[in-house]
Structure formats: structure tokens, C-alpha cells
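# Breakdown of the fold
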Protein chains: 2
Amino acid sequence: MKTIEQNFAVPFRYGVYFTENLFAPSNQVLADVLAQDRASGPRKVMFVVDSGVAEAHPQLLEHIHHYTLAHPDALQQVAAPLVLPGGEEAKNSKEHLQAILSSINKFGVCRHSYLIAIGGGAVLDLAGFAAAIAHRGIRHIRVPSTVLSQNDSGVGVKNGINAFGKKNFLGTFAPPFAVINDSNFLLTLEDRDWRSGISEAVKVALIKDAAFYQRIKQDAGKLAQRDMEAMQQLIHRCAELHVEHIGGPDPFELGSSRPLDFGHWAAHKLEQLSKYSLRHGEAVAIGIALDVVYSQLQGLLTEAEQDDVLDLLQELGFELFTPELAQQTPDGQLAVIQGLREFREHLGGELTIMLLRQIGVGEEVHHVDEHLVQQAIALLQKKRQPQPLSQV
Amino acid sequence: MKTIEQNFAVPFRYGVYFTENLFAPSNQVLADVLAQDRASGPRKVMFVVDSGVAEAHPQLLEHIHHYTLAHPDALQQVAAPLVLPGGEEAKNSKEHLQAILSSINKFGVCRHSYLIAIGGGAVLDLAGFAAAIAHRGIRHIRVPSTVLSQNDSGVGVKNGINAFGKKNFLGTFAPPFAVINDSNFLLTLEDRDWRSGISEAVKVALIKDAAFYQRIKQDAGKLAQRDMEAMQQLIHRCAELHVEHIGGPDPFELGSSRPLDFGHWAAHKLEQLSKYSLRHGEAVAIGIALDVVYSQLQGLLTEAEQDDVLDLLQELGFELFTPELAQQTPDGQLAVIQGLREFREHLGGELTIMLLRQIGVGEEVHHVDEHLVQQAIALLQKKRQPQPLSQV
């Protein structure tokens, strides 16, 4: 019998909006975003809030409440916001996923309702996954509260939780309805979190945009000093490059397209080895350092270029080494090398690692030389060792 | 700061193939389907098999094993097939989902590997959900083993499991890599399952294709007598209409598009009320009968048309009534009416129910008159009551 051919394309569209004080009663951004669905009557909305954000902004829940009162035609809350712990650890337990799903069920949140998540990457990943699988997908608006989520994970199309000890083992590709970046949330970040997200900007600049890299270098002092304007510029350009990459030929990575994952194969493993005491961005900075040195050892990058990147990372305040990088498995292998296998398995297909040909230009390779990895690690370890007294 | 606009379309393409004896060593269908990915070397494949199918086809696992031996360049099994219980009940427990995910983890099934599920709609829904969320999506091939799954659910883009007592509360839209319909599996179906899937064909014929409806009427006797050729024709046309509908403007039902769900609002609730002792197709036949009578009571359909449909359903061997249809809640409401609310909530947005304007032409309405529903149920109940003795 004749084969039936199915062939269609699903269009997706969303905006990444920039604002300040999203829940000030006079701020129209959220109301305008919701109005894009052209529905009549207030939308049913459920908020999920990162407990870290709620603590840093003690009036946030009250502001949300007043905002909904000030915009009764735009939205109504189905229940008080669900406050959940943030940080990667939150993605290791199914309990938080269950809490969101249970609220979706209890409060009748439907496919035309909205789940609005406010928080760091972990809470957004978790809430996004719940929104993606409940009723086969509830509309989801992300309000990223960290540099990392505002310039990278939060503006993309992925969500996920960890399982079987593996990062993002469970998840989907599910474009959000909108992303709203509120710079106010950045003011209360710990220094670690302020800095952490900068590594993703360095990453994308290194493989895609040499001018952006120069801009980061130029602003490095300001960024380390928490200059908000420099940070806003950095977030905007990084988010833009991220969004452009996703909008390329294979947004859901169904073929052999790769995510923007320079420096990430080691980073994922380091996070896990550190039991998530390393922030993702901190692990990425170390992963970048490792792959930059490796690129130099492979003869792709000059030593001057290598040092330029390592210096920049240090100027931004990043460590280039962590003991987990040299950790060995019981059989004497480098634990981080295991990460290579897991990285390949998670993405599927042939192993593909991004290296650097020059600053601003990435190059994919399909083989990693373990001896060179060891050399690169040794070099980074040496760099962090205290200088001899005579040189202090 | 300037809003960043994301805008892309994700293309999906898959074939619904028809064959007989899929795992005969000389059958090229599966090997050809796998070759579409243009990878080199054998694909890693994990099979999930419905225990009902494995029992009805005791040599199936052996045939699969020999097939892989006969096609070493096309595929290699990562492990022995995972055999899981079928039937809607299997979708109520998270244990089976966990079993599939655990195997995916244990055997290193990646995004470029294949999960091939063989079974009825429930196993396909379950395995499809696992495939959709592991590593954010593993390639999934469906081998539907029942009439219902070969002509309807199995050829579509949805998967899911039940949660919070609600059908398909968790799931995603995830197009399969391919669907392969093997007519051999139909030979061993129980009569209930053979018949059950016919109701979806009646459904789609009634709302979309009057000529197909006439064809079903013409073949009704053959279909009731398990004529394979008539069944194959029915499956092919039904699957084709299903595939066409999905390929329409809104495959993932992101806007207000509706699935082909005539007769389904009551059916979902009846299944649940019967604790899934009613087959989905049996519940759909009753749901169709209810909405056909309702359409007539509303003045949309003539009595002659109504009786034509009810007669056809009975000729095919379906019941038009089940006690659950008249079941009341503690506060004296019809339990099935609750299903209306759940139906709206699951699909989202405004309540939309498909009725019939004439045979072959559906019409959407947004309000349901509960009194007319009660009248329709009473009429169906009367029809099933034994005829007075004088008429026997």
C-alpha cells in the first residue's frame, strides 16, 4: 500500500524584551506581551518564583500581586506564586517538578494559560520542563533573574532537569512565549553570579564575533566592578548571538547541528564532580580555558591568543583551574575525560567538540587527544599555583 | 533596549509505511527507513514491545533478533527488547516510564539512536513520551499493532501518560521518525480490538469525508467479519485523513486549532469512569452516538441521518450506551458533564465541541446545553433496552 508522506513546518516566534522594574504598576511590558495572544478577558497566569530571588527582593510577591490588580484585563493569578529553591541542585529532585505539575492540575492551568517563571537558569529549566509536558505544553514566559539566564539559557529553547546523575537528562525543546529581562534583578546578585554569566558571553564572542570579544576586553574592568551599562550591553549582544544561532537551520538540533557549546564538554562534568558547588558559568570559564589551551597545543591557536583569553578570564575574576579538573577515577583515568563520552551521548551521533582557530572563529573536531588534555590541565594547574616568593 | 525577535520554523517529515511481516529477514522496510538518516555504520536501536503483542506473537522477539542479524549494517540492538504491559492502565503508572528511561540511560541510547516501539496506542504513547523527553528527544519509530493505533493515534504527533487521574495529562507533541504499519499484527487481535479502531474511521469520515463514510457503510459487514482487505482500505484512508489534518496550519495546536476530536469529550470521561475497562474505541463509538443524537436534537442533523449513523455503529458491533453515561456525581450532576470541563482545560482556551451539520461536515460550537445532553443520553439508553416481547 502507498506510503503516506507527512511534511510540515511549525513556526515559532518570540521576543526577548528588556525592561526595568517589570512589576511596577505602570510598566506595560508584561501586559503588552500577554495581549499578543489576542484573547479577550484576563489570561490565567501562574507564577513560579526562585526562592533566592524572592529573598533578595522581599517585596516581589507583593509587587506581582499589585501588578495583577493594576492590570485586571490582562491577567489574573490562579493562585499565590509557587516559590521554589533555585540553583542546579533544584534540578536533581523530582519533588519540585511534581510541585509545579500538581499546581497546574489543581488550579486548572490550561494550554492557553501562562506559566511565568522568575529566577535563575535552574528554576527556568525546571519550570519550562513542567510547562512543556503538562497538557502537552502550557504557554511559558521566562523572566530570567541572573546574567547567565538573561544572556544565554533563558533566551533559548531548551528546558530540562537532571536524572541518573546526568545534567539535563530529561527535557525538551520548547520555545517560550516570551522572555523578559529585567535589569533590576541583577542589582542584588552575589558577585559570583554577576560574574558567572559573563563566561557565556566570552564563549560566544570567541567562536562567533571577534569585535564582541574586543568589546568585552575593553569593558573587562567595568564588568568586574559591576558597571550596569557595560553589563546590559554584554547581555544584549550575547542574547542576540544566542537567538541568531537558534534561529539557524536546525533550532531543535534534530540533525547534526550543535548548540553553542564551546568549553562545555568539561564544564558539565566539572559541575557534576563538584556536586554543583561550582556555578555553571564558573565551570564554563574553566572549560573555555581548557579548550583554549588545548587549541593552542593542537597548533590551532597562537600562544599570544591563548594568553590573551586566559588573561581576560582572570581579569573578569574567573579561576582557570579547580581540583576536580585533575580528579582521577579509581582506575587512574581523568574523571573529566568521562565527560567526553557523556557529552557525546547526550547530544547524539559522532563526538563533536568545538575548538578555536582564532579569536572569533571556532572549528569543530571529532577527536580528542587525551594526552593533550592532560597537558592542558597541567598547564592550567601550574598557572594557578602561587608564584615563588622571590617574584611576589 | 531593543527587543530581540526570534522567528523560525522547524520542518518535520515522516512517512507512514504499510507492510506485512516487518521482521521477515528479507523485508527491507525498516532497514530502508533507518537509511534515511544517511549515517554510516549500524544505528543503535532499542526496542520496546507491548507484552500483549509478544504473547500473541510468541516468536516476535526471536524474529527481531534474526532481523538485526540479517541487517548488521542497518542496525544493532543495544539490549534485548524491553517488554512492557499494554492497555490504558499502563499509562497510569510512572513505573513503566521509568523502566524505559532507565534503559535509555543504561544502554547509552543517544539523540541519534532509535527507540522502536511495537504495540497498541498505550505503549506507543508511553514509549513516545519517554523518547521525547530523554536527552530532549531520541529518534522514535512507531510500529502500531492495533487498528486504532495504525489508523489514528500511532500516525500522529502526540504522546503522553496519565497523571492526576487525567488522561494524557503529561505528554508532548513530537513527530516520530517513521510509522510502520504491519498488517500481520491485526490477525491476532481480539474482536474487541479489531472493532475498536473502526470508530475513529467513522469519526473522521463523519466530519470530513462523506464518500469515506459511504465506503465504511458498504464494507460494514465485511469489517464486522474481519475481512483484511476491507480493513486495510479503512486504515489507509483514515490514517491519510489524520495525517492531512495534522499537516494543516497548526500541527502542534499552539493556537486555537482543534484535534480531530468529534465524539471525544464524552469518550475520555467514559474511559476514566469505567476505570479503563471500556476500550478507547468503544468509548469513542458511544461518544459519537451521543454527539450525533445531540446534533439532531439541536436541529443540525436530520433524524434519518442520525439513525443512519447509529445503525452503522451497531452493524459494526458497537454498543451505543454504557451505564457510565448515566452515572451521577454525589451532587446529582451527570458525571460525564464534568468531562466537558476537563476537556476544555486539557485543550485550553474556550470550550469547543465538534457537532455534525450533515454526514461528512462537522461544525464547531462553543456551548453545550446540558438538558439536551441528558435527553440524548436518555434516547441512547432507551435504544439499548430490550425490545418488548411482542416484537421479538
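The rules behind each value
Residues numbered from 1 in each chain as written. Chains lettered and ligands numbered in written order. Predicted model: local features only at pLDDT ≥ 70, side-chain atom pairs only at ≥ 80, totals over all residues. Heavy atoms only, no water. Helix = DSSP H or I, 4+ residues; strand = E, 2+ residues; numbered from the N terminus. Buried < 20%, exposed > 50% of the residue type's maximum accessible area, 1.4 Å probe, protein only. Lys, Arg positive; Asp, Glu negative; His and termini not counted. Salt bridge = Lys/Arg side-chain N within 4 Å of Asp/Glu carboxyl O. Contact = heavy atoms within 4.5 Å. Least-squares fit on C-alpha atoms with pLDDT ≥ 70 in both. Domains from an automatic or database assignment. Buried area = accessible area lost by both parts, 1.4 Å probe. Nonpolar A, V, L, I, M, F, W, Y, C, P; charged D, E, K, R; others polar. Polar contact = N/O pair within 3.5 Å; in protein donor to acceptor, adjacent residues only side chain to side chain. Axes fitted to C-alpha atoms, helices over the stretch in contact; angles between N-to-C directions. Parallel < 35°, antiparallel > 145°, perpendicular 65-115°, else oblique. Left-handed = near helix turned anticlockwise from the far one by under 90°. UniProt positions renumbered as here; feature names shortened; annotations may be inferred. Phe/Tyr/Trp six-rings, centres within 6.5 Å; stacked < 30°, edge-to-face > 60°.

All names here are of chain B. Looking at the secondary structure, you find Asp 50 in strand β2 (residues 43–50). Although Asp 50 is buried, it makes no salt bridge; Arg 279 carries the closest opposite charge, 10 Å away. With near-sequence residues (within four places) excluded, Asp 50 lies in contact with Leu 84, Pro 85, Gly 86, Ile 118, Gly 119, Gly 120 and Val 123.

Turning next to helix α12 (residues 264–273) of chain A. The α-helix advances 3.6 residues per turn, and as a result positions three or four apart in sequence lie on the same side. All names here are of chain A. Taking burial as the measure, the ten residues of α12 include eight buried ones, the bulk of the element. Where α12 is concerned, the buried positions are His 264, Trp 265, Ala 266, Ala 267, Lys 269, Leu 270, Glu 271 and Leu 273. Immediately downstream of α12, the backbone of Lys 275 shows phi near 55 degrees, a positive value.

Quick look at the relation of the copies chain B and chain A now. Its rotation angle being 180 degrees, the transformation that places chain B on chain A also includes 0.0 Å of axial translation and leaves an RMSD of 0.0 Å. The superposition operator between the copies reduces to a two-fold rotation axis. Both copies contact each other with a shared surface, as 100% of the interface residues of chain B are interface residues in chain A too.

The subject of this paragraph is the domain arrangement of chain A. All names here are of chain A. Taken domain by domain, chain A holds domain 1 (16–189) and domain 2 (193–382). The straight-line distance from the C-alpha centre of domain 1 to that of domain 2 is 28 Å. Domain 1 puts 26 residues into the contact, and the matching count from domain 2 is 32 residues. Between domain 1 and domain 2, roughly 2,400 Å² of surface is buried when both sides are summed, and carbon and sulfur atoms account for 66% of that area. Between the two partners, domain 1 and domain 2, sit three salt bridges. Elements represented by at least two residues in the side of domain 1 that touches domain 2 include exactly β1 (4–19), α6 (147–151), β8 (166–170) and α7 (184–187). A per-element tally of the side of domain 1 that touches domain 2 places α6 first, with four residues. Its residues placed into classes, the side of domain 1 that touches domain 2 shows eleven nonpolar, ten polar and five charged.

This part covers the pattern of salt bridges. Following the criterion strictly, the structure yields 38 salt bridges over all chains and no others. Close ionic contact of A:Asp191 with A:Arg226 constitutes a salt bridge, the shortest N to O distance being 2.7 Å. Highlighted residues: A:Asp191 in helix α8 (residues 191–196) and A:Arg226 in the loop between α10 (210–224) and α11 (228–246), separated in sequence by 35 residues. Residue B:Asp308 pairs with B:Lys217 through a salt bridge whose shortest N-O separation is 2.7 Å. Here B:Lys217 lies in helix α10 (residues 210–224) and B:Asp308 lies in helix α14 (residues 303–315), a separation of 91 residues in the sequence. When its relative accessible area of 22% is taken as the criterion, B:Asp308 is described as partly exposed. Beyond isolated ion pairs, a larger network of salt bridges with shared partners links A:Glu88, A:Lys91, A:Asp125, A:Lys167 and A:Glu271.

Before going further, it helps to spend a moment on the interface of chain B and chain A. Listed per partner, the contact involves 68 residues of chain B and 68 residues of chain A. For the pair chain B and chain A, the two sides together bury roughly 6,500 Å², of which 57% comes from carbon and sulfur. When the buried surface of chain B facing chain A is broken down by residue, B:Met1, B:Ile4 and B:Arg136 rank first, second and third, together holding 14% of it. Where chain B packs against chain A, one counts zero salt bridges. Across the chain B-chain A interface, the total number found is 28 residue pairs in polar contact (both at pLDDT 80 or more). When contributions to the side of chain B that touches chain A are tallied by element, the ones reaching two or more residues are β1 (4–19), α4 (94–106), α5 (121–133), β8 (166–170), α11 (228–246) and α15 (335–347) of chain B. Residues belonging to the side of chain B that touches chain A are distributed by class as follows: 31 nonpolar, 23 polar and 14 charged.

As a further point, take the packing of helix α9 (residues 198–208) of chain A against α10(A). Residue and element names in this part refer to chain A. As a packed pair, α9 and α10 sit with axes 7 Å apart at the nearest point and diverge in direction by 150 degrees. Classified by the interaxial angle, the pair formed by α9 and α10 is roughly antiparallel. Note that α9 runs across α10; the crossing there is left-handed. Judged by residue contacts, Ile 198, Ala 201, Val 202, Val 204, Ala 205, Leu 206 and Lys 208 of α9 engage Ala 210, Phe 212, Tyr 213, Ile 216 and Leu 223 from α10. When grouped by side-chain class, the residues that make up the contact of α9 with α10 number eleven nonpolar, no polar and one charged.

Take the packing of helix α13 (residues 280–297) of chain B against helix α16 (residues 370–384) of chain B next. Residue and element names in this part refer to chain B. With their axes 9 Å apart at the nearest point, α13 and α16 run at an angle of 120 degrees to one another. Between α13 and α16, the crossing angle belongs to the class labelled oblique. Pair α13 / α16 crosses with right-handed handedness. Here Ala 289, Leu 290, Val 293, Tyr 294 and Leu 297 of α13 lie close against α16, whose contacting residues are Leu 372, Val 373, Gln 375, Ala 376, Ile 377, Leu 379 and Leu 380.

Glancing now at the side chain of A:Asp152. Residue and element names in this part refer to chain A. Residue position: Asp 152 is located in the loop between α6 and β7 (161–163). Residue Asp 152 is classed as buried on the basis of its relative accessible area, which comes to 9%. If sequence neighbours within four positions are ignored, Asp 152 has contacts with Glu 200, Lys 203 and His 242.

All right, on to the UniProt feature "domain: 3-dehydroquinate synthase N-terminal" (unreviewed entry) in chain A then. The UniProt record annotates "domain: 3-dehydroquinate synthase N-terminal" (unreviewed entry) at residues 83–195 of chain A. Counting secondary structure, residues 83–195 of chain A comes out at 35% helix and 24% strand; the distance between its end C-alpha atoms is 25 Å.

In this section: the packing of aromatic side chains. Following the criterion strictly, the structure yields 16 aromatic pairs over all chains and no others. Plain terms: the ring middles of B:Tyr114 and B:Phe177 are 5.1 Å apart, the flat faces sit at 85 degrees to each other, and that makes the pair edge-to-face. On the criterion of sequence distance, the pair formed by B:Tyr114 in strand β5 (residues 114–119) and B:Phe177 in the loop between β8 and β9 (178–182) is long-range, its members being 63 residues apart. We note that B:Tyr114, like B:Phe177, is buried. Connected via pairs of aromatic rings, a cluster forms that spans A:Phe8, B:Phe12, B:Phe173 and B:Phe252.

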